[in-house]
Amino acid sequence: MHQTATCSTVGSIGDLGHIARALGAADPPFNIEAIGGGEARTVREDGRGVGIITILVSPDEDEDVQRLREVLEAVEPDGGRKLAEIQVLPSLHVELRHDPGELGEAAAALGDAGINILSVLLVDAHGDWAVVSMAFDEGDIDAARQVFENSAGRFRLLPKHGGEARRNRVDGFVAGKVNRGEDDPATAH
């Protein structure tokens, strides 16, 4: 299963640099596969904004979860302030058609089943497909998997980091010119 890390930070100028450096300096290092976030316009009483960061890293096997959490907990951006609300969440990599509304359909299917998406990251997109990573509470991951598996093939779960096999095969091609067929390594799961 994939793992996604989320955390928040207050007064976040430069914090992303500290986080990325810490992940790269870990032994063995973590590679950032996808990242997203932003800072809230609403500021705290002290005038500082709150930033939210979501990171998909590799390796992300079960044995890496505690080490990832420890690396993030050790980050001190300004020599005393710590990251807050650090979570490492189970996630699924879902292949969607690269068409308007597809993410909306996948999110609606989960919402209709009462499942809350805690994080979503675009991992890869080429031509007629896109791969997103969706993170959930531990108690919702199996139900989310069921929603996608029962979608009659509309939404396909990927066992590897989203798009990794395809990236290695299609980056040399013009987007939209790749055929889904026998020569597509992603169909050889």
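These figures come from a predicted structure and were not determined experimentally.

Calculation notes
Residues numbered from 1 in each chain as written. Predicted model: local features only at pLDDT ≥ 70, side-chain atom pairs only at ≥ 80, totals over all residues. Heavy atoms only, no water. Patch = residues over 30% accessible without salt bridge, like charges linked within 9 Å, V, L, I, M, F, W, Y side chains within 5 Å. Areas by Shrake-Rupley, 256 points an atom, 1.4 Å probe, with all protein chains shown as cover. Salt bridge = Lys/Arg side-chain N within 4 Å of Asp/Glu carboxyl O. Lys, Arg positive; Asp, Glu negative; His and termini not counted. Charge placed at Lys NZ, Arg CZ, Asp CG, Glu CD. Buried < 20%, exposed > 50% of the residue type's maximum accessible area, 1.4 Å probe, protein only. Helix = DSSP H or I, 4+ residues; strand = E, 2+ residues; numbered from the N terminus. Arc of directions from axis to C-beta. Contact = heavy atoms within 4.5 Å. Axes fitted to C-alpha atoms, helices over the stretch in contact; angles between N-to-C directions. Parallel < 35°, antiparallel > 145°, perpendicular 65-115°, else oblique. Left-handed = near helix turned anticlockwise from the far one by under 90°. Nonpolar A, V, L, I, M, F, W, Y, C, P; charged D, E, K, R; others polar.

Draft legend 1. Broad picture of a negative patch on the surface. Residues Glu61, Asp62, Glu63, Asp137 and Glu138 make up a contiguous surface patch of negative charge. Take glutamate 138: its relative accessible area is 57%, and that puts it in the exposed class.

Draft legend 2. Examining unusual backbone geometry more closely. Here aspartate 27 and proline 28 are connected by a cis peptide whose omega angle stands at -5°. Its location among the elements puts proline 28 in the loop between helix H1 (15–25) and strand S2 (31–43). Here serine 58 and proline 59 are connected by a cis peptide whose omega angle stands at 0°. Turning to its location among the elements, proline 59 is positioned in the loop between strand S3 (49–58) and helix H2 (65–74). At glutamate 85, a residue that is not glycine, the phi angle is positive and equals roughly 50°. Of note in the backbone geometry, alanine 152 takes a positive phi value of approximately 55° without being a glycine. Its place among the elements puts alanine 152 in the loop between helix H4 (141–149) and strand S7 (156–158). Judged by relative accessible area, alanine 152 falls into the exposed class, the value being 79%.

Draft legend 3. Main features of H2. Residues Val65, Arg67, Leu68, Val71 and Leu72 constitute the buried set of H2. Seen along its axis, H2 keeps its buried residues to an arc of 165°; they face one direction. Elements in contact with the buried residues of H2: strand S1 (2–10), H1, S3 and strand S4 (84–97).

Draft legend 4. Structural context of the packing of H1 against H2. Axis separation between H1 and H2 bottoms out at 9 Å; the angle between their running directions is 140°. Considered as vectors, H1 and H2 are oriented oblique to each other. The crossing of H1 and H2 is right-handed. Residues Ile19, Ala22 and Leu23 of H1 form the contact with H2, whose participating residues are Leu68, Val71 and Leu72. Looking at the contact of H1 with H2 residue by residue, the classes come out as 6 nonpolar, no polar and no charged.

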